[in-house]
Amino acid sequence: MLSSNQKTINKPIKLTGVGLHNGKIAELIIKPANENFGIKFCRVDIDENDLINANFENVIEPILCTKIANKNGITVSTVEHLMAAFFGEGVDNALVEVNASEIPILDGSANEFVEAIRSAGLKEQTALRKFIQVEKKIEVREGDKFISIQPSNNDLVIDFEIVYKNPLIRTRRKEFKLSSDKLSEIYNSRTFCLYEDIDFIKSKGLAKGGSLDNAIVVKDNEILNEDGLRNRHEFVYHKILDCIGDLMLSGNRMIGHVITSQGGHALTNKLLIKFFSDKSNWSLKSSKSINKKAHIDETLKKTLTVSA
């Protein structure tokens, strides 16, 4: 059964770290928020017009990270790992204050965000949680790359394939089911890059704060990080982590089956834009109605099993 009520954190959370792309030290304070507030970011280093709603419509320049902006052009980037932690840990409402233009990358995964949320604890609120239920299949293709979302039965499923020429990363594919699979290895999987791409990335003004402390670096058939991989699916699991975080920008948790090959921030955002452009593609359901349907389906399944 899906959790019925909205939740926020019990008490403020404070984290400090470097921004992966801007290289600046940032202080992050996550504060509890009222029901139906959603997730909002506040640039406390800006005097006015500092609030940015965490929504797919506010995504700009989704290159190697997810950046969001308000109508006044105030931005905050690399929100995806924190958004994935909010998704998985059940945080619906929170105000995220940050004193720089980028969320700290920490260790390159969502692990420290998750640990901080669990340490603070969650507070259940009165309002029912809403879920976006996929009603029709929608797909976006760009050459060999594609992403689609289609209906599923009371679950979020992400089937992700990565394709690299690198002999160590290669082609890998994993399916994640929120209802039955553990999030621990997804949370723990770090961002990664190829050694030969570093100079090009930095020439674009990115990865100024990148290091072996917050990213996996792969050179030919070797991982340059001293401790190697945290799990054998870390590359594709990190892509699933990013996808979960980007889907959380829909404003509510989604019930659907995502299939993608060579996907990323930009492709997921294009899917959300196309998906929400037509109201017939989706419906907004309360947790109560979804859980009622799930109970009926489970009862019917057991009845049919006994009859057989």
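Summary of the structure given here. Fair warning: this is a prediction, and the values are worked out from it, not measured in the lab. The residue numbering used here restarts from 1 in each chain and proceeds along that chain's sequence as written. In view of the model being predicted, local features appear only for residues whose pLDDT reaches at least 70, and side-chain atom pairs are presented and counted only at 80 or more, with totals across whole chains, interfaces and linings using the full set of residues. To obtain the side-chain values, all non-hydrogen atoms of the structure were included, while hydrogens and water were left out.

1. Observations regarding the pattern of salt bridges
And step 1. Take a side-chain nitrogen of Lys or Arg and a carboxyl oxygen of Asp or Glu: if they are within 4 Å of each other, that pair is a salt bridge. The final tally for this structure, using the stated rule, is 13 salt bridges.
And step 2. Among the salt bridges present, the one from Arg253 reaches Asp92, with a minimum N-O distance of 2.6 Å. In this pair, Arg253 is assigned in strand E19 (residues 253–261) and Asp92 in the loop between helix H1 (80–89) and strand E9 (94–98), connecting sequence segments 161 residues apart. This pair shows no difference in class: Arg253 is buried, exactly as Asp92 is.
And step 3. Salt bridges sharing common partners tie together Asp92, Arg129 and Arg253. Strands are runs of DSSP state E lasting at least two residues, helices are runs of H or I lasting at least four, and both sets are numbered from the N terminus onward. For every residue, the accessible area (1.4 Å probe, protein chains only) is compared with the maximum for its type, and the residue is labelled buried under 20%, exposed over 50%, or partly exposed between those bounds.

2. Description of the pairing of strand E14 (residues 156–163)
And step 1. Most of E14 sits inside the fold, with six of its eight residues counted as buried.
And step 2. Pairs of strands are assigned from DSSP output, requiring at least two bridges between the strands. Summarising the sheet, E14 and E19 pair through six bridges and their orientation is parallel. Paired with Val157 across the bridge in E19 is His257.
And step 3. Bridging between E14 and strand E15 (residues 171–177) involves seven bridges; their strand directions are antiparallel. The residue bridging Val163 from the neighbouring strand is Thr171, located in E15.

3. Things to note about the packing of helix H5 (residues 234–247) against helix H6 (residues 265–276)
And step 1. Between H5 and H6, whose axes approach to 10 Å, the crossing angle comes to 35°. Remark: the crossing between H5 and H6 carries right-handed chirality. Of the residues in H6, those touching H5 at Asp242, Cys243, Asp246 and Leu247 are His265, Thr268 and Leu272.
And step 2. A class-by-class count of the residues in the contact of H5 with H6 yields three nonpolar, two polar and two charged. The convention used is that axes are lines fitted to C-alpha atoms, helices contributing only their stretch in contact, and that angles between N-to-C directions extend from 0 to 180 degrees. In this scheme the crossing of two helices becomes right-handed for a clockwise turn of the near helix relative to the far one and left-handed for an anticlockwise turn of less than a right angle. What makes two residues a contact is simply this: any of their non-hydrogen atoms within 4.5 Å. Under the scheme applied, nonpolar residues are Ala, Val, Leu, Ile, Met, Phe, Trp, Tyr, Cys and Pro; charged residues are Asp, Glu, Lys and Arg; polar residues are all the others, including Gly.

4. A word on the sheet that holds strand E18 (residues 222–223)
And step 1. Strand order in the open sheet formed by three strands is E16-E17-E18, and the pairing between neighbours is mixed. Pairing within the sheet leaves two strands with one partner each, and these edge strands are strand E16 (192–194) and E18.
And step 2. Pairing between strand E17 (residues 216–219) and E18: two bridges, direction antiparallel. Bridged to Lys219 within E18 is Glu222.
And step 3. Helix-sheet contacts for H5 involve E16, E17 and E18, and the interaxial angle to E17 is about 135°.

5. Thoughts on the environment of Pro32
And step 1. Within the secondary structure layout, Pro32 lies in strand E3 (residues 25–32).
And step 2. According to the relative accessible area criterion, Pro32 is partly exposed, its value standing at 35%.
And step 3. In this structure, the C-alpha to C-alpha distance between Pro32 and Asn10, residues 22 residues apart in sequence, is 6.5 Å.

6. Observations regarding a negative patch on the surface
And step 1. Exposure above 30% relative accessible area and the absence of a salt bridge qualify a residue for a patch, where like charges join within 9 Å and nonpolar side chains (Val, Leu, Ile, Met, Phe, Trp, Tyr) within 5 Å. For accessible areas, the Shrake-Rupley method is used with a probe of radius 1.4 Å. Any residue's cover is judged against the shown protein chains and nothing else. Positive charges come from Lys and Arg alone, negative charges from Asp and Glu alone, with His and the N- and C-terminal ends not counted. Charged groups are reduced to one reference atom each: NZ for lysine, CZ for arginine, CG for aspartic acid, CD for glutamic acid. A grouping of Glu196, Asp197, Asp220 and Glu222 is seen on the molecular surface, where their side chains present a negatively charged patch.
And step 2. Its place among the elements puts Asp197 in the loop between E16 and helix H4 (198–203).
And step 3. Under the relative-accessibility criterion, Asp197 is labelled partly exposed at 33%.

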